[in-house]
Amino acid sequence: MTIIENDEIILSEENGRVFLTIKSDRYNLKKVDLLASNHPRLKISNFMTVKKAVESGSKDPIELGTWLDSMELEISNDKMQALLTIYESQNFVKENLESLQQNIHKILSDNGIIFGQQPLDLTSIKTGKSYIIAKGLPPEKGPDAKITYLQQAEKTPVINEDGKADYFDMNFLVEINEGSWLGEKIPPQQGTPGKNILGELVPAPIGDDFPLKYDTKSAYEVEEEGKTVLRSKTKGVIGEVNGILTVQKHLIIDGDVGLETGNLKFDGSIQVRGTVMAGYSIVASGDISIESNEGVHAAELIKSTEGDVFIKGGIFGKGITNVEAHHNIFVKHANECTLEAKDNIHIGFYSLGATIFCDQLFLDERKGKIIGGKAIAINSITSAYSGNNSERKTELIVQGIDRKILTENAKTKAQEMMKLQEESTKLNFTLSQLNQFKSSMNVQQVAVYEQTKQKYNAIQRDAKELDQEIQRILKMLRQTTDYFINITREANPGTVIQIGNKSSYLTKPTKGKFKLENGELNV
């Protein structure tokens, strides 16, 4: 087929191959470029051969390249999209709109494209540019699994209508019975299928599934009405350890901790409906709740190794009482005692002559008072008043953190953790081997087995404590805290304000949010 013939050239096509015969010596490379621009379907691939023919004046036919189809259809691998490219000149398109439209319908039909066809404005297309001519309907992923847990007690003071915090009314523990509902999971759902451009259904992915996180020793799963329901194996109180829902043992003391009970040490939570008598102690792994309105008088030690401590009344410590919590302490007032919490301490009314260590210390911003003693916090201290009219020395110290030291500390503990895990793995293997022969062991062998088991359990406890400490350090490093001491009503003379290594002894009444500005205290 002859495409063009004039005094200078003959351009012909045969089975998609294009040949050029140069008839005139005046023909040059610029005219070859012009030839390509005037014929968009011409794809020159042998330019060097043409260049030699032009320069040598050869009159023999040379293969110039290929002759493209009028239009080209490209279908994506997933059959969700088709691209159409038209290689005709814009003038040709404008003069042949109807026939081109018919050809488009034919090429779509020949390729089985029956769904998602997109309109194409031929009057505005550009030669050689690809346009979406068909688009499938993508499938919609199904809803993910939905997990709901029984809410733990909101361990914050109830705020009354007048804005005051009520430390007498805190729902500190959530008691549950055997078989109680602890949570549930609605399974992931099937999505909505899509359709590709060939009209075929495209399966929809099911939503993501997630496991229920719980302690298998205290809870179990059961299928109920198309849902996975989590229920309690035992009676106790709901708790959480390292993000895992658990049902902790729950000891209720209807009266006081004193002569009748002796000192208490319990692996679980303790609820005392009376008080802790002078000289007596409570140590529990879970939360401790002391609910007497009269508070605690000269008790020796109240300590939660993994949870919080709530004392509904106040503390009259007489310089004896120590209260320690792995997380938070909530108390009405603190009088001549020591409070230590790794997280926060909330004091309803006042602290008098107390020594306090915590991450953040909160007293009521309208009436809370810190008088005498020493309060040391890592991040912040908030109170309405500090000191008194007698200028009693009251030390308020916000230490902040040294990120470099904490980072090194975390690395050291992580290395210790790895050693414990290695030792734990070895001991676990030894125990599994010994367990096979337990029934035939003599007295000495049983003793070795039990000693190995005790050592394994001790390492597990140590590893757990290390992991909790590492997580606490990492949490501190993630915080971008603005260290401050906030006295909203009056900081009396005799108050020591210290943030980091900068301190100021107040000699006149003031108030405000004290912090470091340009390396100096803004007192």
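Up top you'll find the structure we're talking about.
Residues numbered from 1 in each chain as written. Predicted model: local features only at pLDDT ≥ 70, side-chain atom pairs only at ≥ 80, totals over all residues. Heavy atoms only, no water.

Colleague: Let's hear about helix H2 (residues 47-56): which residues, and what values?
Modeller: Within H2 the residues assigned to the buried category are Val50, Ala53 and Val54. Burial along H2 is one-sided: seen end-on, the buried residues are contained in an arc of 100 degrees. In H2, the exposed positions angled more than 90 degrees off the buried face are occupied by Met48, Lys52, Glu55 and Ser56. The inward-facing, buried residues of H2 abut strand S3 (17-22), helix H1 (29-38) and strand S5 (62-67). (Buried < 20%, exposed > 50% of the residue type's maximum accessible area, 1.4 Å probe, protein only. Helix = DSSP H or I, 4+ residues; strand = E, 2+ residues; numbered from the N terminus. Arc of directions from axis to C-beta. Contact = heavy atoms within 4.5 Å.)

Colleague: Provide a residue-level description of the state of the cysteines, including the pertinent values.
Modeller: Under the defined criterion, the tally for this structure stands at 0 disulfides. Left without a disulfide partner, cysteine 337 is nearest to the cysteine sulfur of cysteine 358, which lies 12 Å away. By relative accessible area, which is 6% here, cysteine 358 ends up buried. (Disulfide = S-S within 2.5 Å.)

Colleague: Can you lay out the sheet that holds strand S6 (residues 71-75) for me, pointing to particular residues and giving the numbers?
Modeller: Strands sit in the order S6-S7-S8 across an open sheet of 3 strands; the sheet is antiparallel. Pairing within the sheet leaves two strands with one partner each, and these edge strands are S6 and strand S8 (130-135). The average angle at which neighbouring strand axes cross in this sheet is 25 degrees, direction not considered. The pairing of S6 with strand S7 (residues 81-86) spans 5 bridges and is antiparallel. Note on S7: the bridge partner recorded for isoleucine 75 is alanine 82. Strands S6, S7 and S8 of the sheet are contacted by helix H4 (residues 97-110), whose axis makes an angle of about 30 degrees with S6. (Pairing = 2+ DSSP bridges. Axes fitted to C-alpha atoms, helices over the stretch in contact; angles between N-to-C directions.)

Colleague: Can you explain the layout of surface pockets? Please cite residues and give values.
Modeller: As a volume, the largest pocket reaches approximately 1,500 Å³. Around the largest pocket, the lining is made up of 43 residues, and of these Ser285, Thr305, Glu306, Lys464 and Gln468 lie nearest the centre. Breaking the lining of the largest pocket down by element, the ones donating at least two residues are strand S19 (244-248), strand S26 (301-304), strand S29 (322-325), strand S31 (338-341), strand S33 (355-363), strand S35 (374-386) and helix H6 (443-478). With 10 residues, H6 is the single largest residue contributor to the lining of the largest pocket. Residue composition of the lining of the largest pocket, grouped by class: 14 nonpolar, 14 polar and 15 charged. (1 Å grid on protein atoms, 1.4 Å probe; cavity = no way out; pocket = protein on both sides within 12 Å on 5 of 7 lines; lining within 4 Å. Points joined across faces, edges and corners; volume = space filled by probe spheres on them. Nonpolar A, V, L, I, M, F, W, Y, C, P; charged D, E, K, R; others polar.)

Colleague: Please give an account of the sheet that holds strand S9 (residues 146-149) that cites residues and values.
Modeller: For sheets, the rule is that strands pair by backbone hydrogen bonds, running either parallel or antiparallel. The 4 strands lie next to each other as S9-S13-S17-S16, forming an open sheet whose pairing is antiparallel. The sheet terminates laterally at S9 and strand S16 (219-224), the two strands that pair on one side only. Taken pair by pair, the neighbouring strands of this sheet meet at an average axis angle of 20 degrees, ignoring direction. Across 4 bridges, the pairing between S9 and strand S13 (residues 181-186) is antiparallel. Each residue of the ladder has a partner; that of isoleucine 147, found in S13, is lysine 185.

Colleague: Requested: an account of the side chain of histidine 326, with residues and values cited.
Modeller: Its place among the elements puts histidine 326 in the loop between S29 and strand S30 (329-335). The residues touching histidine 326, leaving out its near neighbours within four places in the chain, are Ser304, Thr305, Glu306, Gly307, Lys342, Asp343 and Gln468.

Colleague: An account of the packing of aromatic side chains is requested, with residue identities and associated values reported.
Modeller: Overall, the coordinates contain 0 aromatic pairs when judged by the stated rule. Of note, lysine 369 hangs over the ring of tyrosine 385, and the distance from its end group to the ring centre comes to 5.7 Å. The side chain of lysine 513 reaches across the aromatic face of phenylalanine 484, ending 4.3 Å from its centre. (Phe/Tyr/Trp six-rings, centres within 6.5 Å; stacked < 30°, edge-to-face > 60°. Lys NZ or Arg CZ within 6 Å of the ring centre and 35° of its normal.)

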